[in-house]
Amino acid sequence: MNNKIIIINGPNLNLLGEREQSQYGSVTFDELKDICLKKSKELGLEVNFSQSNIEGELVNIIQESRNKFDGIIINAAAFTHTSVAIRDALDIFKKPIIELHISNIYKREEFRQKSLISDIVTGGIFGLGSDGYILAIISMQKLLKK
Ligand code: DQA
């Protein structure tokens, strides 16, 4: 069955709820995880919710996803703007990928306005707060049904 997805979170997202609430809201990482698990279950998806602050670890997670998951939802956080390694790893994953940002990166500092992954992903969601995760799960389920 085409129903296994992974949600990959990059650096500092483990501190959601504590860091810059004006950008990222008050939902904590654990609360977000619960919300994502619940929504995925409701839609018949099996989900793995992961986070790392380490670039190489994220590359490993993406590489290993090739044989384990049917789709990736990724908030690469700061590595979105800097990591060719994460871009290259995602490019090897030949199944649907959704890029996600809680904040609107195009309304923020200039260095955040460049994503190194946008042109290789299936689609993206940004600026809709942590609700973006729910929207991404719904979209991924539709992509996998096709
Ligand atoms: C972020 C935006 C990035 O620029 C930032 O470094 C983050 C979070 C977002 O979800 O809005 O850590 O990806």
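Conventions used here
- Residues numbered from 1 in each chain as written.
- Predicted model: local features only at pLDDT ≥ 70, side-chain atom pairs only at ≥ 80, totals over all residues.
- Heavy atoms only, no water.
- Helix = DSSP H or I, 4+ residues; strand = E, 2+ residues; numbered from the N terminus.
- Buried < 20%, exposed > 50% of the residue type's maximum accessible area, 1.4 Å probe, protein only.
- Polar contact = N/O pair within 3.5 Å; in protein donor to acceptor, adjacent residues only side chain to side chain.
- Contact = heavy atoms within 4.5 Å.
- Near = heavy atom within 4 Å.
- Areas by Shrake-Rupley, 256 points an atom, 1.4 Å probe, with all protein chains shown as cover.
- 1 Å grid on protein atoms, 1.4 Å probe; cavity = no way out; pocket = protein on both sides within 12 Å on 5 of 7 lines; lining within 4 Å.
- Sits in = over half its atoms within 2 Å of the grid points.
- Nonpolar A, V, L, I, M, F, W, Y, C, P; charged D, E, K, R; others polar.
- Core = buried A, V, L, I, M, F, W, Y, C linked by side-chain atoms within 4.5 Å.

Can you help me understand the side chain of Q141 in this one?
In this structure, Q141 sits in helix α5 (residues 131–145). Classification of Q141 as buried rests on a relative accessible area of 17%. There is a polar contact of 3.4 Å between the side chain of Q141 and the backbone oxygen of L43. Setting aside anything within four residues of it in sequence, one finds Q141 in contact with L43 and L45.

So what exactly am I meant to see when it comes to the site of the ligand here?
Neighbouring the ligand are R19, Y24, N75, A77, A78, H81, H101, I102, S103, I105 and R112. Within the backbone of A78, one N or O atom sits 3.2 Å away from an oxygen atom of the ligand. For the ligand, the protein covers 99% of the area, taking 320 Å² as the surface of the free molecule. Taking a 2 Å distance to the grid points as the criterion, the majority of the atoms of the ligand fall inside the largest pocket. Looking at the shell around the ligand, its residues break down into 5 nonpolar, 4 polar and 2 charged.

Even after reading the chapter, I still don't get the nonpolar core, so can you show me in this structure?
Generally speaking, soluble globular proteins have nonpolar side chains that are buried together. In terms of nonpolar packing, the biggest core is built from 21 residues, with I7, L16, C36, F49, I73 and Y133 touching the most fellow members. Apart from the residues within four sequence positions on either side, Y133 is in contact with I7, N9, L13, L32, C36, F49, N75, L100 and I102. Ranked by size, the runner-up nonpolar core spans 19 residues in total, among them I8, I61, A76 and A89.

I would appreciate a short explanation of the side chain of H81 in the present structure.
With respect to the secondary-structure elements, H81 resides in the loop between β3 (71–75) and α4 (84–92). For H81, a relative accessible area of 15% corresponds to the buried category. Within the structure, the side chain of H81 is placed 2.9 Å from the backbone oxygen of K114, a separation counted as a polar contact. For H81, the residues in contact, after removing those within four places along its chain, are I105, F111, R112, K114 and L116.

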